[in-house]
Amino acid sequence: MATGTSESDLRAAKTELVNRYFQAPAVAGAFAAALGVAGPPISSAQPSENVVGLGIAEKVVENRLTGELAVKVYVRRKLLEAEVRPADRIPKTIEGIPTDIEESGLIRALLQPC
């Protein structure tokens with residue numbers, strides 16, 4: 001864990017991002033995706049359309065673990081910084097806790113046939 005970073009600090013930063021990116025419309029889209037309904041194609045770089053999950057894990061830079069815990073932001077498609085308006089960018093830190101953006105694609109729940 002990063003020096004001076006407590007588990008409660010990590011959880012508080014994650015909670016702030018949950019509140020920011022998983023409001024009612026985004027959550028409804030996540031439930032539709034979990035039920036196997038294809039999500040709409042990404043039509044903008046807005047995080048509400050692209051963020052699919054959040055977690056706490058070790059930060060990765062250039063495919064190497066850094067030894068530093070971060071709030072992981074899982075996105076459908078990782079975009080270049082130049083493709084995203086400054087207002088829509090995921091912050092590099094939240095309350096001093098680093099973030100780490102990882103492309104995961106659209107997340108779907110595995111449904112078993114009846």
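Described in the following lines is the structure provided in the data block. (Residues numbered from 1 in each chain as written. Predicted model: local features only at pLDDT ≥ 70, side-chain atom pairs only at ≥ 80, totals over all residues. Heavy atoms only, no water.)

Considering the overall build of the protein chain
Okay, step 1: When helices and strands are counted, the protein chain shows three helices and four strands.
Okay, step 2: From first element to last, N terminus to C terminus, the protein chain shows the α and β order α-α-α-β-β-β-β.
Okay, step 3: Each of the 114 residues in the protein chain was classed as buried or not, and the buried ones make up 29%.
Okay, step 4: When the accessible surface of the protein chain is totalled, it reaches about 7,400 Å², and 56% of it is carbon and sulfur. (Helix = DSSP H or I, 4+ residues; strand = E, 2+ residues; numbered from the N terminus. Buried < 20%, exposed > 50% of the residue type's maximum accessible area, 1.4 Å probe, protein only. Areas by Shrake-Rupley, 256 points an atom, 1.4 Å probe, with all protein chains shown as cover.)

With respect to the nonpolar core
Okay, step 1: In this structure, Leu10, Ala13, Leu17, Tyr21, Val51, Leu54, Val71, Val73, Val75, Ile90, Ile94 and Ile97 together form the largest nonpolar core, which totals twelve residues.
Okay, step 2: For this core, the secondary structure elements donating two or more residues are helix H1 (7-21), strand S1 (51-61) and strand S2 (64-75).
Okay, step 3: Ranked by the residues each element gives to this core, the list is headed by H1, at four residues.
Okay, step 4: The contacts of valine 73, once residues within four sequence positions are left out, are Leu17, Val51, Gly53, Leu54, Ile90, Asp100, Ile101 and Glu102. (Core = buried A, V, L, I, M, F, W, Y, C linked by side-chain atoms within 4.5 Å. Contact = heavy atoms within 4.5 Å.)

Looking at the pattern of salt bridges
Okay, step 1: In total, this model carries seven salt bridges according to the counting rule given.
Okay, step 2: With a shortest N-O distance of 2.8 Å, aspartate 100 and lysine 72 are connected by a salt bridge. You can see aspartate 100 sitting in strand S4 (residues 97-103) and its partner lysine 72 sitting in strand S2, a full 28 residues away along the chain.
Okay, step 3: The exposure class assigned to aspartate 100 is buried, which follows from its relative accessible area of 6%.
Okay, step 4: A relative accessible area of 2% places lysine 72 in the buried class.
Okay, step 5: In this structure, glutamate 81 and arginine 89 form a salt bridge, with 3.6 Å as the shortest nitrogen-oxygen distance.
Okay, step 6: By relative accessible area, which is 46% here, glutamate 81 ends up partly exposed. (Salt bridge = Lys/Arg side-chain N within 4 Å of Asp/Glu carboxyl O.)

Let's talk about the side chain of lysine 59
Okay, step 1: Inspection of the secondary structure puts lysine 59 in strand S1.
Okay, step 2: Of the buried charged residues, lysine 59 lacks a salt bridge, with aspartate 100 as the closest side chain of opposite charge at 4.3 Å. (Lys, Arg positive; Asp, Glu negative; His and termini not counted.)

A word on the sheet that holds S4
Okay, step 1: Taken in spatial order, the four strands line up as S1-S2-S4-S3 in an open sheet, and their pairing is mixed. The open sheet is flanked by S1 and strand S3 (93-94), the only strands paired with a single partner.
Okay, step 2: Bridge count between S1 and S2: nine bridges; the pairing is antiparallel. When the sheet's bridge partners are listed, valine 61 is paired in S2 with arginine 64.
Okay, step 3: Along the sheet, H1 makes contact with S1, S2, S3 and S4, crossing S1 at roughly 145°. (Pairing = 2+ DSSP bridges. Axes fitted to C-alpha atoms, helices over the stretch in contact; angles between N-to-C directions.)

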